[in-house]
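Examining the three-dimensional arrangement
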Amino acid sequence: MPRRSPQSPSGAVPGRSRSAAARARRMGAVLCGTGALHLVRPAPFDGLIPRFLPGSPRAWTLGSGVAEIGVGALLLRPGTRRAGGWAAAALFVGVWPGNVTMAWRARRGSPVRRAVTLVRLPLQVPLIAGALRIARAG
């Protein structure tokens, strides 16, 4: 007879839900922190905004900071964690063009800057995957 994992009355596996909750709290805290940084020190983020977007880069920087804080807050609260996971995945996909823009603009920069911007591009994939795991775990 196969051995079953212990489950809570809600059907969740206790160890798995704790690690998912911890992952969500970490991601939520990081998003709140980076969102606040967008609002307090927006200048470094303005250069990430693709030129093809309408409006000023500062407006996009401030808007993305507010969005990051909002998504982070959703992840921090257990009742909104599933929605927060989906929102975080969408946010990470949405800001990916900024990382592409940063890499493109760094192509004539120092070798270190080029390397950093190119390494950042594939790192977005685990962030998206982690957000999706949080969304599915609820």
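The structure presented is a predicted model; accordingly, all values stated were derived computationally and were not measured.

**Regarding helix 3 (residues 57-76)**
The terminal C-alpha atoms of helix 3 lie 28 Å apart, and with 20 residues this matches the ideal 28 Å at 1.5 Å per residue to within 8%. If you check which residues of helix 3 are buried, you get Thr61, Ser64, Gly65, Glu68, Val71, Gly72 and Leu75. Angular distribution of buried residues about the axis of helix 3 spans 135 degrees; they occupy a single face of the element.

**Regarding the packing of aromatic side chains**
One pass over the structure, following the stated rule, counts zero aromatic pairs. Its guanidinium or amino end placed over the ring of tryptophan 104, arginine 107 lies 3.8 Å from that ring's centre, counting from NZ or CZ.

**Regarding a nonpolar patch on the surface**
On the surface, a nonpolar cluster with roughly 340 Å² of combined accessible area is contributed by Leu39, Val40, Leu62 and Val66. Sorting the residues of the nonpolar patch by element identifies helix 1 (14-40) and helix 3 as the ones contributing at least two each. If you trace the backbone, leucine 62 turns up in helix 3. Judged by its relative accessible area of 33%, leucine 62 is partly exposed.

**Remarks on the layout of surface pockets**
By volume, the largest pocket amounts to about 780 Å³. Lining the largest pocket are 29 residues, with His38, Glu68, Leu91, Val95 and Gln124 positioned closest to its centre. For the lining of the largest pocket, the secondary structure elements donating two or more residues are helix 1, helix 3, helix 4 (81-105) and helix 5 (111-137). Among the elements that line the lining of the largest pocket, the one with the most residues is helix 4, at seven residues. Looking at the lining of the largest pocket residue by residue, the class counts come to 16 nonpolar, nine polar and four charged.

**Re the packing of helix 3 against helix 4**
Interaxial distance between helix 3 and helix 4 falls to 7 Å at its minimum, and their mutual angle equals 145 degrees. Read as a crossing pair, helix 3 and helix 4 show a hand that is left-handed. Judged by residue contacts, Ala67, Glu68, Val71, Leu74, Leu75 and Leu76 of helix 3 engage Arg81, Gly84, Gly85, Ala87, Ala88 and Leu91 from helix 4. Taken together, the residues of the contact of helix 3 with helix 4 break down into eight nonpolar, two polar and two charged.

**Some points on the pattern of salt bridges**
All chains considered together, the criterion is met by one salt bridge. One salt bridge in this structure joins aspartate 46 and arginine 58, with 2.6 Å as the shortest N-O distance. Taken together, the positions of aspartate 46 in helix 2 (residues 43-46) and arginine 58 in helix 3 put the pair 12 residues apart, joining distant regions of the chain. We classify arginine 58 as partly exposed; its relative accessible area is 36%.

Cut-off values and rules
Residues numbered from 1 in each chain as written. Predicted model: local features only at pLDDT ≥ 70, side-chain atom pairs only at ≥ 80, totals over all residues. Heavy atoms only, no water. Helix = DSSP H or I, 4+ residues; strand = E, 2+ residues; numbered from the N terminus. Expected span 1.5 Å × (residues − 1). Buried < 20%, exposed > 50% of the residue type's maximum accessible area, 1.4 Å probe, protein only. Arc of directions from axis to C-beta. Phe/Tyr/Trp six-rings, centres within 6.5 Å; stacked < 30°, edge-to-face > 60°. Lys NZ or Arg CZ within 6 Å of the ring centre and 35° of its normal. Patch = residues over 30% accessible without salt bridge, like charges linked within 9 Å, V, L, I, M, F, W, Y side chains within 5 Å. Areas by Shrake-Rupley, 256 points an atom, 1.4 Å probe, with all protein chains shown as cover. Salt bridge = Lys/Arg side-chain N within 4 Å of Asp/Glu carboxyl O. 1 Å grid on protein atoms, 1.4 Å probe; cavity = no way out; pocket = protein on both sides within 12 Å on 5 of 7 lines; lining within 4 Å. Points joined across faces, edges and corners; volume = space filled by probe spheres on them. Nonpolar A, V, L, I, M, F, W, Y, C, P; charged D, E, K, R; others polar. Axes fitted to C-alpha atoms, helices over the stretch in contact; angles between N-to-C directions. Left-handed = near helix turned anticlockwise from the far one by under 90°. Contact = heavy atoms within 4.5 Å.

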